[in-house]
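Close look at the chain arrangement
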Amino acid sequence: MIFIAIVECNLLGETVLMINTIEILDYLKSKGFTLSTGVPCSYFKNVINSLEKDDTLQYIPATREDEAIGIASGYFFGGKQSFLLMQNSGLATIGDALTSLAQLYKVPLLIFVSYRGLEPDADFPEHLIMGDVTENVLKAYHLPYWILEEENWQNILELSINKMNEISLPVCLLVKQGVLSL
Amino acid sequence: MKGADVISELKRILGDDDLVVSSNGNVSRQAYHLLSGSQLYLRGSMGLPVSIGLGLALAQPEKTIVVLTGDGNFLMGLSSMSTVAYINPSNLKIIIIDNQLYATTGGQETSSSQINYKTMIEGMGILNIRSFDLRDMDQDIGNLLLLESIEEEGIYVLHLQVEEDTIELDNIPWHPEQITENFKNRHKGELK
Ligand SMILES: Cc1ncc(C[n+]2csc(CCOP(=O)(O)OP(=O)(O)O)c2C)c(N)n1
Ligand SMILES: [Mg+2]
């Protein structure tokens, strides 16, 4: 299979590289993921739109990110693998779910976390402090993480999924603006 | 009836294949000591037993999933009930053991006492909710009510007001990693 990042125009007419959501979902399916859950971020608009139309990969809209960790962990205890989508603000919500459930019980989880609070969010002060501490929070949680990039995205995903399976623990992918949605 | 009486009775009622998730603290200890089989005894993640039950129900649609949750745990994760109602998995059974206390941490009051669980859960869209006050109930009648309720088809919530437990049980000797392994071994080989 050949993977390409599609070229699209943003609102300003600039061309941008973006990962095709159907391709990334197909890739995740090929790696054995059969369910997804989380709380939306606008960065995941396209992915969640595609998931809602997908008959083979159900998306469970959680009310909170810690609940999403619960759902995904329960799914693993039932012998199956899911992935999660959440904003980095949700990293603050999942602390106990992560440490006293997923990590303690050795639950492998692939968590896509939108990286809010960087330059494009200059006008969104609500994201700035969490944006500043995001990578420190991930390190403090002992969560292995990668930054998802348009080029080589399948290599980055493969690395993270391999690591997740090898250690049987949650791992994160940080997703910046424009990588999965404009 | 006390919480431990309910769980002891469940041992006789539940099937060998039923998968139980128990909330942290006393409820998990009781599930470990009083139920048979290797169940999913939560030691932390207060507030998450219902969401874990939902994930399990989706992964194992042929099995019956029973969530045993204290009132403090249930209320902490209350919004996860609306997700459950929205997804509506027919194999998920939620039993709320309501002693109106955070008993595990020393018996502090929860906000449970004035809640009308039937109205609340119905309002979320789950019509199959039964609520019983077992506190002054004769054990035989209580057992009968349990048996009847557990046999119901489809998703349901069973809210049980119980007396405070008096017997303290030992800690669960298994490390969580062992809980995971033993639990997953129950359906090893069944999955492709
Ligand atoms: C996030 C979090 N806060 C507080 C605690 C401490 N804690 C452990 S068990 C428990 C009480 C649980 O109450 P309930 O679910 O009603 O069970 P009961 O103790 O009454 O059997 C509390 C507050 C915890 N484990 N996790
Ligand atoms: Mg209680």
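Counting restarts for each chain, with residues numbered from 1 along the sequence as it is written. Labels are handed out in written order, letters beginning with A for the chains and numbers beginning with 1 for the ligands. Since the coordinates come from a predicted model, pLDDT governs what is reported: local features require at least 70, and pairs of side-chain atoms require 80 or more to be given and counted, while whole-chain, interface and lining totals use all residues. Only hydrogens and water are set aside when side-chain values are computed; all heavy atoms of the structure are taken into account.

Overview of the overall build of chain B
Heads up, the rule is: Comment: elements are numbered from the N terminus, with helices defined as DSSP H or I runs of at least four residues and strands as E runs of at least two. We compute the radius of gyration from the C-alpha atoms alone; for a globule the expected value is 2.2 Å times N to the 0.38, where N is the number of residues. Note on contacts: a residue pair is in contact if any heavy atoms of the two residues lie within 4.5 Å. Here the open area of atoms and residues is found with the Shrake-Rupley method and a 1.4 Å probe, where only the protein chains shown may cover a residue. We count Lys and Arg on the positive side and Asp and Glu on the negative side, and we leave His and both chain ends out. The atom standing in for a charge is NZ when the residue is Lys, CZ when it is Arg, CG when it is Asp and CD when it is Glu.
Helix and strand counts for chain B stand at eight helices and eight strands. Its C-alpha atoms give chain B a radius of gyration of 15 Å, near enough to 16 Å, the size a compact globule of 192 residues would have. Across its three principal axes, chain B shows a C-alpha extent of roughly 45 × 40 × 30 Å. Partitioning the intrachain contacts of chain B with sequence separation of at least 6 by distance along the chain shows that 77% fall at a separation of at least 24. Counting only carbon and sulfur atoms, one obtains 46% of the accessible surface of chain B, whose full area is about 8500 Å². Taking the average place of the 14 positive charges on the side chains of chain B and the average place of its 26 negative ones, the gap between the two points comes to 7 Å.

Description of the coordination of the magnesium ion (ligand 2)
Residues and elements named next belong to chain B. Where we set the bar: The donor set comprises N, O and S atoms within 2.8 Å of the metal, extended to 3.2 Å for Na, K and Ca; water molecules are omitted, so apparent gaps in a site may simply reflect that omission. We call a residue buried when its accessible area falls under 20% of the maximum for its residue type, exposed when it is over 50%, and partly exposed in between, using a 1.4 Å probe and counting protein chains only.
Looking at the metal site, the magnesium ion (ligand 2) is ligated by Asp-71 (OD), Asn-99 (OD1) and Leu-101 (O), spaced 2.0 to 2.1 Å from it. For the magnesium ion (ligand 2), all donor residues lie on one chain, and their spacing in sequence is D-x27-N-x1-L. Here the residue Asp-71 occupies a position in helix α4 (residues 71–76), and Asn-99 occupies one in the loop between β4 (92–98) and β5 (101–102), the gap between them amounting to 28 residues. Here Asp-71 matches Asn-99 in class, with each residue buried.

Some points on the sheet that holds strand β4 (residues 58–61) of chain A
Within a sheet, neighbouring strands are paired by backbone hydrogen bonds and run either parallel or antiparallel to one another. Residues and elements named next belong to chain A. The condition that has to hold: Between any two strands, at least two bridges found by DSSP are needed for them to pair. Only the contacting stretch of a helix is used when fitting its axis, a line to C-alpha atoms as for every element, and angles between N-to-C directions run 0 to 180 degrees.
The six strands are arranged β4-β3-β5-β6-β8-β7 in an open sheet whose pairing can be described as parallel. This sheet does not close on itself; its edge strands, each paired only once, are β4 and β7 (145–147). Shown here is a sheet whose adjacent strand axes are inclined to one another by a mean of 20°, direction ignored. Here strand β3 (residues 33–38) pairs with β4 via four bridges, running parallel. Across the sheet, residue Leu-35 finds its bridge partner in β4, namely Gln-58. Along the sheet, helix α1 (residues 21–30) makes contact with β3, β5 (81–87) and β6 (110–114), crossing β6 at roughly 160°.

Observations regarding the pairing of strand β8 (residues 171–175) of chain A
Residues and elements named next belong to chain A. As a reminder, the rule being used: Think of it like this: strands point away, you trace from the first strand over the helix to the second, and a clockwise trace means the crossover is right-handed.
When you tally the buried positions in β8, you get five out of five residues, the bulk of the element. Residues Val-171, Leu-173 and Val-175 point to one face of β8 and Cys-172 and Leu-174 to the other, with burial holding for every one of them. Taken together, the five bridges between β6 and β8 define a ladder with parallel strand orientation. Note that in β8 the partner of Leu-110 across the bridge is Val-171. Bridge count for β7 against β8 is three bridges, and the pairing is parallel. Across the sheet, the residue bridging to Trp-146 is Leu-173, located in β8. Handedness of the β7-helix α6 (residues 153–167)-β8 crossover: right-handed.

Things to note about the sheet that holds β4 of chain B
All names here are of chain B. A sheet is described by the order of its strands in space; here six strands give the open sequence β2-β1-β3-β4-β8-β7, paired in parallel fashion. Taken across any chain shown, the strands that pair with only one partner, and hence form the sheet edges, are β2 (40–41) and β7 (129–133). As paired elements, strand β1 (residues 19–22) and strand β3 (residues 65–70) share four bridges and run parallel to each other. Residue pairing across strands places Val-20 opposite Val-66, the latter belonging to β3.

Details of the site of ligand 1
Short version of the rule: The near set for a molecule or strand comprises every residue that places at least one heavy atom within 4 Å of it. For the purposes of these results, a polar contact is taken to be a pair of N or O atoms within 3.5 Å, where, inside protein, one atom must be able to donate a hydrogen and its partner to accept one; residues adjacent in sequence count only when each atom of the pair is a side-chain atom. Residue type decides the class: Asp, Glu, Lys and Arg count as charged, Ala, Val, Leu, Ile, Met, Phe, Trp, Tyr, Cys and Pro as nonpolar, and the leftover types, Gly among them, as polar.
Taken together, 15 residues sit near ligand 1, with Asp-71, Gly-72, Asn-73, Leu-101 and Thr-104 of chain B positioned nearest. Those chains with residues close to ligand 1 are chains A and B. The side chain of Asp-71 of chain B places a nitrogen or oxygen atom 2.8 Å from an oxygen atom of ligand 1. A distance of 2.5 Å is found between an oxygen atom of ligand 1 and a side-chain nitrogen or oxygen belonging to Thr-104 of chain B. Breaking the shell around ligand 1 down by element, the ones donating at least two residues are α2 (26–34), α4 and β5 of chain B. A per-element tally of the shell around ligand 1 places α4 of chain B first, with three residues. For the shell around ligand 1, the class distribution of residues is five nonpolar, eight polar and two charged.

Topic: the pattern of salt bridges
Between side chains of opposite charge, pairing is possible as soon as their charged atoms come close. Residues and elements named next belong to chain A. Under the convention used in this document: Should a side-chain nitrogen of Lys or Arg be within 4 Å of a carboxyl oxygen of Asp or Glu, the pair is scored as a salt bridge.
Scanning the model with the defined rule gives ten salt bridges over all chains in all. Among the salt bridges present, the one from Asp-54 reaches Lys-29, with a minimum N-O distance of 2.7 Å. Of this pair, Asp-54 sits in the loop between α2 (45–53) and β4 while Lys-29 sits in helix α1, and the two are 25 residues apart along the sequence. The exposure class assigned to Asp-54 is buried, which follows from its relative accessible area of 17%.

Section: empty space enclosed by the protein
Residue and element names in this part refer to chain A. Going by this rule: Note on definitions: the grid is 1 Å and covers protein atoms alone; a cavity is a set of points where a 1.4 Å probe fits but cannot get out; a pocket is an open set with protein on both sides within 12 Å along at least five of seven lines; lining residues have an atom within 4 Å of a point. Grid points are joined across faces, edges and corners, and a volume is the space filled by probe spheres set on the points.
The full count for this structure, using the stated rule, is one cavity of 30 Å³ or more. Looking at the largest cavity, its volume works out to about 40 Å³. Looking at the largest cavity, the residues that line it are Ile-24, Leu-25, Leu-28, Val-47, Phe-83, Leu-85, Phe-112 and Leu-180. Those elements giving two or more residues to the lining of the largest cavity turn out to be α1 and β5. For the lining of the largest cavity, the leading source of residues is α1, giving three residues. By residue class, the composition of the lining of the largest cavity is eight nonpolar, no polar and no charged.

Considering the environment of Leu-128 of chain A
Residue and element names in this part refer to chain A. Mapped onto the elements of the fold, Leu-128 is located in helix α5 (residues 125–140). You can call Leu-128 partly exposed: its relative accessible area is 33%. Considered as a pair, Leu-128 and Ile-19 are 109 residues apart in the sequence and their alpha carbons are 25 Å apart. The residues touching Leu-128, leaving out its near neighbours within four places in the chain, are Gly-117, Asp-121 and Ala-122.

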